[in-house]
Amino acid sequence: MAEAARAAQTPTLPAPSRARVGRQVRVPKTAELVAAHLRRQIVRGELQPGDALPPESGLMEQFGISRPTLREAFRVLESESLITVRRGAHGGARVSAPDSDVAARFAGLILEYRGATLGDTYRAAAVIEPPCARQVAAKNSPADIKRLRDAVATEKAALDDPLALVEAQDAFHALLIELTGNQTLILLCGMLRNIIDRANASYTAGATDAEAQKAQALKGHRAHVRLVGLIESGKADEAEKLWQRHISSADDVVNSAGPKTLLELLD
């Protein structure tokens, strides 16, 4: 079908009420409609990560659109990290899995624009993460405990490498949330941890007092070890309180390092 015909097939808008007469209504561009169609297929699992989309000529015929319109739709999906496009004779578009890092980057951009501090982010984590520690302790799953013990073992092996230790400790936090099995919490906390992880890495790389930094890292590691012990013992109340103190303590240390604690996440 022609692009004009395609646009004509968009849903009919309801007749405006008297109070809304004269209000402009934005009609989606054809490229946006094509992107929405492909997005639905990806999100619903009709297109799997790694799947190659049909050649451009096939998609142009399927949607009745021009090459520039198709490529505009591709750019929309690329910006959402839902596809990757390789140019050239052997190129094409392939499906990517929706990634929480994309949401975290946008959230970080908005927070930085609003002048949010790293303390803001830690305090948000302190609201969300401790109940997750309680939930994991209440579940008291041997499989969960093994994964947590493996995670603290990875931390222990990295105690002499500050950047590797930060990465291992951040991974422990992410694992704790993952073990709740709550996909909404996993996504929300994943966004927060992504922001905190980047800020932590920057803070660690710029730290000048190596001994103080190592002492703080060891303190964090010991808190992680204690948490695993409480989870293994099924002590849900104590696990939640410990994790509350642990995150609040990290917030205090970062914000006492200097007056400039605004998020700086742009590359």
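**Observations regarding the pattern of salt bridges**
For the coordinates displayed, the defined rule picks out 13 salt bridges. The salt bridge involving R67 is made with E56; its shortest N-O contact spans 2.5 Å. Taken together, the residues R67 in helix 4 (residues 67-79) and E56 in helix 3 (residues 56-63) connect sequence positions 11 residues apart. In this structure, D237 engages R134 in a salt bridge whose closest nitrogen and oxygen atoms are separated by 2.3 Å. Here D237, found in helix 11 (residues 236-256), pairs with R134, found in helix 6 (residues 118-139); they are 103 residues apart in sequence, far enough to count as distant. Overall, D237 belongs to the partly exposed group, its relative accessible area being 44%. The partly exposed category is assigned to R134, whose relative accessible area is 33%. Salt bridges here are not isolated pairs; linked through shared partners, they connect E56, R67 and R71.

**Overview of the nonpolar core**
With 26 residues, the main nonpolar core has L148, F172, L176, L227, I231 and W243 as its most contacted residues. Going through the elements one at a time, helix 6, helix 7 (142-157), helix 8 (162-178), helix 10 (210-232) and helix 11 are the ones with two or more residues in this core. For this core, the leading source of residues is helix 6, giving seven residues. With sequence-adjacent residues up to four places away left out, F172 is seen in contact with L148, A151, V152, E155, H224, L227, V228 and W243. In this structure, V34, I65, A73 and V95 belong to the second largest nonpolar core, which totals 20 residues.

**Examining helix 6**
Helix length check: helix 6, at 22 residues, gives a terminal C-alpha distance of 31 Å against a target of 32 Å (1.5 Å per residue), a fit within 8%. In the structure, helix 6 departs most strongly from a straight axis at A126, where the bend amounts to approximately 30° and where the proline P130 lies between one and four residues downstream. All of the buried residues along helix 6 are L118, G119, T121, Y122, A125, A126, E129, P130, C132, A133, V136 and A137. Following helix 6 by one or two positions, N140 has its phi on the positive side, about 50°.

**Some points on helix 5 (residues 100-113)**
The end-to-end C-alpha distance of helix 5 is 20 Å, a good match for the 20 Å that 14 residues give at a rise of 1.5 Å each. V102, A104, A107 and G108 are the residues of helix 5 that are buried.

**A look at the side chain of H173**
Within the secondary structure layout, H173 lies in helix 8. A distance of 3.3 Å separates polar atoms of two side chains, one belonging to H173 and the other to R193. Among residues more than four places away in sequence, those in contact with H173 are E129, R193, H224, W243, H246 and I247.

Reading the values: the criteria
- Counting of residues starts from 1 at the beginning of each chain's written sequence and follows it residue by residue.
- The predicted nature of this model means local features are confined to residues of pLDDT at least 70 and side-chain atom pairs, given and counted, to a pLDDT of 80 or more, with totals for whole chains, interfaces and linings taken over all residues.
- Only hydrogens and water are removed before side-chain values are computed, so all heavy atoms of the structure are retained for them.
- Salt bridge, as used here, is a side-chain nitrogen of Lys or Arg placed within 4 Å of a carboxyl oxygen of Asp or Glu.
- To qualify as a helix, a DSSP run of H or I must reach at least 4 residues; to qualify as a strand, a run of E must reach at least 2; elements of each kind are numbered from the N terminus.
- Each residue is placed in one exposure class: buried if its accessible area under a 1.4 Å probe, protein chains only, is under 20% of its type's maximum, exposed if it is over 50%, and partly exposed if it falls in between.
- Buried Ala, Val, Leu, Ile, Met, Phe, Trp, Tyr and Cys residues that are joined via side-chain atoms within 4.5 Å together make up what is termed a nonpolar core.
- Two residues form a contact once any of their heavy atoms are found within 4.5 Å.
- Helices are assigned an expected span. That span is 1.5 Å times one less than the residue count.
- Note on bend: at a given residue it equals the angle between the axes fitted to the 7 residues ending there and to the 7 starting there.
- Polar contacts, as counted here, are pairs of nitrogen or oxygen atoms within 3.5 Å of one another; within protein the pair requires one atom able to donate a hydrogen and one able to accept it, and residues that are adjacent in sequence qualify only if both atoms are side-chain atoms.

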